[in-house]
Structure formats: C-alpha cells, structure tokens
2 protein chains.
Amino acid sequence: MELSDFLPIWEKLTDEQQKNISNSTVKRKFYKGEILHNGSSDCTGLIIVMSGQLRAFTLSKDGREITLYRLFDCDICLFSASCIWNSIQFDITITAQQDTEVLLIPAEMYKSIMQVSAPLANYTNEVMADRFSDVMWLIDQVMWKSFDKRLAQFLLNEINIEGTSTLHITHETIGNHLGNPREVVTRMLKYFVNEGLVQLSRGTIEILNAKGLEKILR
Amino acid sequence: MELSDFLPIWEKLTDEQQKNISNSTVKRKFYKGEILHNGSSDCTGLIIVMSGQLRAFTLSKDGREITLYRLFDCDICLFSASCIWNSIQFDITITAQQDTEVLLIPAEMYKSIMQVSAPLANYTNEVMADRFSDVMWLIDQVMWKSFDKRLAQFLLNEINIEGTSTLHITHETIGNHLGNPREVVTRMLKYFVNEGLVQLSRGTIEILNAKGLEKILR
C-alpha cells in the first residue's frame with residue numbers, strides 16, 4: 001500500500017513533491033484505546049487510515065463526550081494536523097477504536113506542499129467539506145431527533161460496522177458516542193427490551209429485530 | 001471598495017485571474033429579510049459582505065430553525081456557492097438580517113480560478129476552517145450549556161452587535177436563532193425579568209443588568 005493509493009491527486013504533484021512527502025511519511029500502529037491526538041495544542045500530522053478505525057470526539061469541561069465522526073480505511077484525518085490552519089479554534093480528541101494502522105504525514109511537510117500545490121489544497125478543501133458535512137449531520141441529530149431515534153440509528157450503524165448483531169459495548173460507551181449520560185442510554189435500552197427489539201446481557205447488546213429499529217427511524 | 005480590499009490574497013493572483021474575477025463580480029443589495037440562498041440546490045456564488053449582516057441557519061423537517069453563524073462586514077460566505085465542493089452534503093439557508101450590500105462572485109468563475117491557484121484554494125480553506133469553528137462552538141453550546149446560559153449569551157451578543165441595550169426582537173426570532181420553541185424563550189425571559197435582568201414590552205427587550213447576564217455565563 002503506497003501513498004499514491006490513498007491520495008487521489010498524487011499524480012498531480014510534481015516528482016519532487018512526491019519524493020518529499022514519501023520520504024517524510026511514516027507508518028504507525030495505534031492500539032485500541034490509544035489516543036492519537038489531544039486538543040489543538042497537539043499537531044501530530046495528517047493521518048491516513050490504512051486499516052482499523054478512528055473516532056473523533058469533543059469533550060465538555062466536565063468530561064462528557066460526543067462523537068463527531070469515525071474514520072475507516074482510506075479516510076484522512078485533517079484535524080490531527082489542526083495547526084496547519086490559523087482559523088481552527090476548537091479542540092478535538094482522536095482515539096483508535098480498534099488496532100489501527102496509519103500513514104502519518106508531518107504537518108509542516110504537508111503544509112509546505114499545500115501552500116504551492118493547488119491540487120493538494122483543493123483536495124484538502126474537499127476533505128474538510130466532508131467532515132463539515134459529518135458535523136452538520138450531528139447538529140441535525142442532536143437538535144431535532146428524539147433520543148429513541150438516535151439510539152436506534154446508532155445500534156443499526158454498529159451492527160453494520162461490526163458485521164454482527166451481537167455488540168460488545170457498554171451503556172457508558174454508547175453515552176459517550178451520543179453525548180448523553182449512561183442512565184439515559186440504559187433507560188432507553190430497557191424500553192427497547194420491552195419492545196422485543198434487543199436483548200441485554202453483561203457487556204453485550206444483541207439486536208433481535210433490526211427492522212423494528214428501522215421502523216423507529218421513520 | 002474593491003475586491004482587493006476584501007480578498008487578502010488578491011496580490012497573489014495573476015493579472016488575468018484578477019481581471020476575470022473583477023469582470024464577473026457584481027454588486028448586489030439584499031433587503032432585510034430577503035433570502036440569498038436556499039439549500040444545496042441553490043448555487044448563487046461566493047458572497048462578500050460589504051455592509052449589513054447575513055444569517056446562516058439550518059432548518060428541521062418541520063420548519064424549526066437554528067442559527068449556525070452570522071456574517072458581518074468583510075466576511076465571506078462560501079456555502080452560498082456550495083456546488084463548488086462535491087463533499088458538501090447539507091442544506092443551509094442564508095438571509096439578510098439587515099439591508100445588506102454584497103459582492104457576488106459567480107461560483108463557476110471562483111471554482112475555475114481556485115482549481116489552479118494555490119493561494120486562493122488555501123485562503124478558501126481558511127475560510128472554511130473558520131466556519132467549521134463556528135459550528136463546533138454551536139455543538140459545544142447545544143450539547144453542554146443550559147438554556148439560561150445560552151439565552152444570556154445571545155442577549156449580550158445582540159446588545160454588542162446592535163450597539164444598544166434596547167433590542168427590537170420577538171421571542172420567536174430568538175427561538176429561531178437558538179433552536180428552541182418560542183414558549184421556552186418566553187419562560188426564561190420571564191425568569192430574567194423576575195431577577196431584574198431585563199424588562200419586556202411589546203416587541204422589545206430592554207437589558208437592565210448586563211453584568212447580571214454575564215454572571216449567568218460563569
């Protein structure tokens with residue numbers, strides 16, 4: 001797997017730009033739970049996911065979390081290099097949701113090439129617009145969607161991502177994804193149990209009726 | 001007032017690029033309440049505010065609103081040209097909050113120059129990062145801040161923007177800014193009245209104690 005497989009505008013860079021990026025890029029592995037990036041003071045670099053899964057979230061002052069977006073194979077994480085843009089005035093944290101292999105392009109190198117390469121700058125703009133869309137989706141969810149819909153959507157996404165209807169996830173972790181206290185998650189899950197939609201046991205949630213969850217979304 | 005006063009990277013464009021932008025840019029006036037842009041199907045163009053005030057908001061399916069950000073003199077509105085980016089998957093609406101004079105650069109012209117000009121692409125990227133910061137601030141507000149804090153912050157911003165402590169604004173308009181029903185706004189304003197912070201009369205809110213509102217924020 002090469003940089004050219006991940007950066008669609010690779011062929012539009014000059015030979016020297018390609019060489020400079022290649023020589024400075026390193027392959028790294030992060031273990032499940034490891035923090036890759038922590039707040040705006042951190043400027044690790046551009047991260048390209050080769051395999052695994054990353055989660056970007058924001059924290060309240062008292063430590064509550066809400067997931068902004070997740071990144072999968074071939075996705076690019078810009079905000080791990082947030083120092084590139086003067087206008088970024090927010091902190092996000094990025095952790096590995098699974099063991100994750102990434103390519104890491106140092107922020108200074110990326111910035112120096114982006115400043116002279118219109119293709120790279122425009123590509124970066126598209127990636128930022130993509131994350132902007134994720135965050136606008138989140139605003140739509142938290143502003144206008146009731147919690148039963150948001151939880152049903154989350155469970156359906158998870159069985160899709162994990163490829164199994166038995167999810168190994170705690171109520172607290174779900175609360176951290178959705179920005180709600182654990183108690184609120186537990187209460188709604190119990191309602192889903194009564195409706196025959198899910199079954200709970202220690203540390204796992206089994207989806208019994210995915211169609212029923214989809215019905216909640218409508 | 002010229003384009004060069006508003007686009008800080010003007011001098012980094014070629015003579016031909018400057019000429020092409022200048023020749024295609026038009027000056028327009030929008031009256032208070034007029035809609036400049038309505039959803040992603042609309043692609044008016046890049047808008048530079050010369051004077052006045054614009055408001056960008058998002059709508060729920062049943063017509064509720066929340067303000068994403070406001071734009072003042074010299075600010076640039078990218079999302080009125082959202083067709084430039086394939087990755088923008090959300091609809092926003094932009095209205096004139098006051099009579100507003102703008103420069104309008106057609107989307108196709110802007111895009112064609114941005115595709116070859118690294119300075120323009122990087123500048124655009126900074127503007128998008130700036131809006132991203134606005135929207136992240138909003139997520140922080142709606143997720144973690146209680147409504148009394150959000151309303152106090154809104155009123156303090158308004159007296160700052162309007163330059164007067166007597167605000168001509170309805171409870172419904174405030175609700176549309178903050179994404180809450182009118183009744184919720186009215187209830188909190190009555191609480192502020194009881195605390196001696198504001199005084200209400202038909203269509204106006206007078207701020208009696210700005211320091212008291214600031215105390216709520218802490």
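Asks: Just checking my understanding: could you explain helix α3 (residues 107-114) of chain B for this structure?
Replies: All of the buried residues in α3 of chain B are Ala-107, Tyr-110, Ile-113 and Met-114 of chain B. Along the axis of α3 of chain B, the buried positions cluster into a sector of 140°, meaning they face one direction only. Of the surrounding secondary structure, the elements contacted by the buried residues of α3 of chain B are α4 (118-144) of chain A together with α2 (15-24), β3 (46-51), β8 (100-105) and α4 (118-144) of chain B.

Asks: In this structure, what is going on with the pairing of strand β5 (residues 65-71) of chain A? I would like to understand it.
Replies: Every regular strand shows the same layout, with side chains that alternate between the two sheet faces. The element β5 of chain A is extensively covered by neighbouring structure, given that seven of its seven residues are classed as buried. Taking the residues between adjacent antiparallel strands as the criterion, strand β4 (residues 54-59) of chain A and β5 of chain A are bridged by five residues, where Gly-63 of chain A takes a positive phi near 90°.

Asks: Help me understand helix α7 (residues 182-194) of chain A, please; the structure alone is not making it clear to me.
Replies: Three- or four-residue spacings in an α-helix give side chains the same orientation, since the helix completes a turn every 3.6 residues. Residue and element names in this part refer to chain A. Along its 13 residues, α7 runs 19 Å from first to last C-alpha, staying within 8% of the 18 Å computed at 1.5 Å per residue. Residues Val-185, Thr-186, Met-188, Leu-189 and Phe-192 constitute the buried set of α7. On its buried side, α7 packs onto α5 (147-162), α6 (171-178), β10 (198-201), β11 (204-207) and α8 (210-217).

Asks: Explanation requested: the pattern of salt bridges in the structure shown.
Replies: Side chains bearing opposite charge may pair, as long as their charged atoms lie close to each other. Enumeration over the complete set of coordinates arrives at eleven salt bridges over all chains. Between Glu-65 of chain A and Arg-55 of chain A there is a salt bridge, and its shortest N-O distance comes to 3.1 Å. Residue Glu-65 of chain A is located in strand β5, and its partner Arg-55 of chain A is located in strand β4; the two are separated by ten residues in the primary sequence. Like Glu-65 of chain A, the residue Arg-55 of chain A is buried in the burial classification. A salt bridge links Arg-182 of chain A to Glu-183 of chain A; its shortest N-O distance comes to 3.4 Å. Using a relative accessible area of 40% as the deciding quantity, one classes Arg-182 of chain A as partly exposed. Three or more residues are tied together by salt bridges with common partners; here these are Asp-130, Arg-131 and Asp-134 of chain B.

Asks: What am I meant to see in the state of the cysteines here?
Replies: Linking two cysteines covalently through their sulfur atoms gives a disulfide. All names here are of chain B. Considering all chains together, one arrives at two disulfides over all chains under this definition. Linked covalently through their sulfurs, Cys-43 and Cys-83 form a disulfide whose S-S length is 1.7 Å. Because the sign of the S-S torsion sets the handedness, a value of about -75° for the bond joining Cys-43 and Cys-83 places this disulfide among the left-handed ones. Here Cys-43, found in the loop between β2 (35-38) and β3, pairs with Cys-83, found in the loop between β6 (76-77) and β7 (93-96); they are 40 residues apart in sequence, far enough to count as distant.

Asks: Would you mind going over the sheet that holds strand β11 (residues 204-207) of chain B with me for this structure?
Replies: Sheet strands pair via backbone hydrogen bonds, and the direction of the pair is either parallel or antiparallel. All names here are of chain B. Taking strand neighbours across the sheet as the criterion, the three strands line up as β9-β11-β10 in an open arrangement whose pairing is antiparallel. The open sheet terminates on both sides in strands that have one partner only, identified here as β9 (166-168) and β10 (198-201). Taking the axes of each pair of neighbouring strands and ignoring which way they run, one obtains an average angle of 20° across the sheet. Here three bridges tie β9 to β11, and the two strands are oriented antiparallel to one another. Bridge pairing in β11 links Leu-167 to Ile-205.

Asks: Where do I start with the interface of chain A and chain B in this structure?
Replies: Reports often express the size of an interface as the amount of accessible area lost when the parts come together. The partner chain B presents 41 residues to the 41 residues of chain A that form the contact. For the pair chain A and chain B, the summed buried surface comes to about 3,400 Å²; carbon and sulfur atoms form 70% of the total. Considering only the side of chain A, the residues that lose the most area to chain B are Asn-125, Phe-132 and Trp-144 of chain A, jointly responsible for 21% of the buried surface there. At the junction of chain A with chain B, the criterion picks out zero salt bridges. Where chain A touches chain B, the interface holds twelve residue pairs in polar contact (both at pLDDT 80 or more). Secondary-structure elements contributing two or more residues to the side of chain A that touches chain B are β4, β5 and α4 of chain A. Among the residues forming the side of chain A that touches chain B, the class breakdown is 24 nonpolar, twelve polar and five charged.

The rules we used
- Residues numbered from 1 in each chain as written.
- Chains lettered and ligands numbered in written order.
- Predicted model: local features only at pLDDT ≥ 70, side-chain atom pairs only at ≥ 80, totals over all residues.
- Heavy atoms only, no water.
- Buried < 20%, exposed > 50% of the residue type's maximum accessible area, 1.4 Å probe, protein only.
- Helix = DSSP H or I, 4+ residues; strand = E, 2+ residues; numbered from the N terminus.
- Arc of directions from axis to C-beta.
- Contact = heavy atoms within 4.5 Å.
- Pairing = 2+ DSSP bridges.
- Expected span 1.5 Å × (residues − 1).
- Salt bridge = Lys/Arg side-chain N within 4 Å of Asp/Glu carboxyl O.
- Disulfide = S-S within 2.5 Å.
- Axes fitted to C-alpha atoms, helices over the stretch in contact; angles between N-to-C directions.
- Buried area = accessible area lost by both parts, 1.4 Å probe.
- Polar contact = N/O pair within 3.5 Å; in protein donor to acceptor, adjacent residues only side chain to side chain.
- Nonpolar A, V, L, I, M, F, W, Y, C, P; charged D, E, K, R; others polar.

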